[in-house]
Amino acid sequence: MISRDEIQEKVDIVKRKIEKNKTIPYYFLASIFVLGALFFFSSNLLFNKELNLITTEINQEMYLNNIAFSIKDRKYNPNNGLVQFTIKLKENSLNSDLDLDFTIREKNNPTEIIPCEVVQITYSDYIVTTEISGNWEALSLTIKEKSEINDNKYVKFYSDIRDIKIDDTLKKKNRNEYTIEVIDNEINDIKSKIEELNLDISDKKSNIEDINKKINLLEEEKKYQTESEIEATENTISSNKTSIGNLENGIRKNENSIKELEEKINKLEEKKQDYR
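A. Molecular detail of the overall build of the chain. Summing up its helical and strand segments, the chain has four helices and 10 strands in all. Each helix (α) and strand (β) of the chain, taken in turn from the N terminus, gives the series α-α-β-β-β-β-β-β-β-β-β-β-α-α. For the chain, the proportion of its 276 residues judged to be buried stands at 34%. Considering only contacts in the chain between residues 6 or more positions apart, those separated by 24 or more positions represent 65%. For the chain, the computed accessible surface area is about 18,300 Å², with 49% contributed by carbon and sulfur atoms.

So, in structure tokens, the structure goes:
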């Protein structure tokens, strides 16, 4: 990989040649070289910066005592330094007595614990907020059970400032407002599932159309086939019709799932009204 000093040296050589060859074509070619070198160097810095992100992906599951933890959302308001994490525990209804400890640290000062506030919305949903003063690069959020004596049993999420949602309106809220926010996140997740199911239905319908076209072609070919060929064609047609039946069953299953999910959205919308 070409270093910055090597690029600078080549640029200096071009400059000296420009001074000796003061012609318009040479100026033009030299300018292209300099711009290309600068682009390469700045692009290299950009790519390296992206590669060095210290962050945990949204919805990435991490396990603690067989319970899946994930970050559903994270926001930062640079005006007041407020950072908010939305934490989801998957299938935690059986562990309702779980007592968790949340710890936040910053990359450049890992020994200092940054105070945070935790609001438990349900057995499975938590809002964690903290206020960061000054510049920061990346935060770690460590979660463990308070009763856990093993220091190595925890989950840790990382959030890079370059990979966090900027929200200039972000502020601390009361429990009801956080509850509405969590419900909205759940509604959005359900809408994403419905979208995926609708796409799958479209794909299945397209496959059915293609198979029906094949069946029609096979039916036409039977006019010119021998008895044994017709028998083989009939078997192929029967197999294709079975495929269509399976696809149609899949469509009905998806449609039923969509109805159930839409009903769930309606119930969640009603639930939101109770917290307004």
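B. Geometry of the layout of surface pockets. Estimated volume of the largest pocket: approximately 740 Å³. Lining the largest pocket we find 30 residues, and of these Lys72, Lys88, Glu186, Asp189 and Lys193 sit closest to its centre. Elements represented by at least two residues in the lining of the largest pocket include exactly strand S2 (67-77), strand S3 (82-90), helix H3 (175-221) and helix H4 (227-273). Broken down by class, the residue content of the lining of the largest pocket amounts to nine nonpolar, nine polar and 12 charged. The computed volume of the second largest pocket comes to approximately 170 Å³. Together, Glu106, Asn109, Glu112, Ile114, Pro115, Glu131, Ile132, Ser133, Asn135 and Trp136 line the second largest pocket.

C. Local environment of the pairing of strand S5 (residues 109-114). Two strands pair when backbone bridges link them, and strand S4 (residues 100-106) and S5 are joined in this way by two bridges, in the antiparallel orientation. When the sheet's bridge partners are listed, Ile104 is paired in S5 with Ile114. Here S4 hands over to S5 after two residues, the two strands then running antiparallel side by side.

D. Inspection of the nonpolar core at higher detail. One finds Phe69, Phe85, Ile87 and Ile143 to be the most contacted residues of the largest nonpolar core, which totals 24 residues. Elements represented by at least two residues in this core include exactly S2, S3, S4, strand S7 (125-131), strand S8 (138-145) and strand S9 (155-160). The residues touching Phe69, leaving out its near neighbours within four places in the chain, are Gln60, Glu61, Met62, Leu64, Ile87, Lys88, Leu89, Leu100, Ile143, Val155 and Phe157. Ile201, Leu218, Ile251 and Leu261 belong to the second largest nonpolar core, which has 18 residues in total.

E. The sheet that holds S8, seen in detail. An order of S5-S4-S8-S9 is seen for the four strands of this open sheet, with the pairing classed as antiparallel. Unpaired on one side and paired on the other, S5 and S9 mark the two borders of the sheet. In this sheet, adjacent strand axes meet at a mean angle of 30 degrees when their direction is disregarded. In the sheet, S8 pairs with S9 via six bridges, with the strands oriented antiparallel. Counted as the bridge partner of Leu139 is Ser159 from S9.

F. Structural view of the side chain of Lys204. Mapping Lys204 onto the fold places it in helix H3. Look at Lys204 and you get buried, because its relative accessible area is 17%. The residues touching Lys204, leaving out its near neighbours within four places in the chain, are Leu247, Gly250 and Ile251.

Rules and cut-offs
Residues numbered from 1 in each chain as written. Predicted model: local features only at pLDDT ≥ 70, side-chain atom pairs only at ≥ 80, totals over all residues. Heavy atoms only, no water. Helix = DSSP H or I, 4+ residues; strand = E, 2+ residues; numbered from the N terminus. Buried < 20%, exposed > 50% of the residue type's maximum accessible area, 1.4 Å probe, protein only. Contact = heavy atoms within 4.5 Å. Areas by Shrake-Rupley, 256 points an atom, 1.4 Å probe, with all protein chains shown as cover. 1 Å grid on protein atoms, 1.4 Å probe; cavity = no way out; pocket = protein on both sides within 12 Å on 5 of 7 lines; lining within 4 Å. Points joined across faces, edges and corners; volume = space filled by probe spheres on them. Nonpolar A, V, L, I, M, F, W, Y, C, P; charged D, E, K, R; others polar. Pairing = 2+ DSSP bridges. Core = buried A, V, L, I, M, F, W, Y, C linked by side-chain atoms within 4.5 Å. Axes fitted to C-alpha atoms, helices over the stretch in contact; angles between N-to-C directions.

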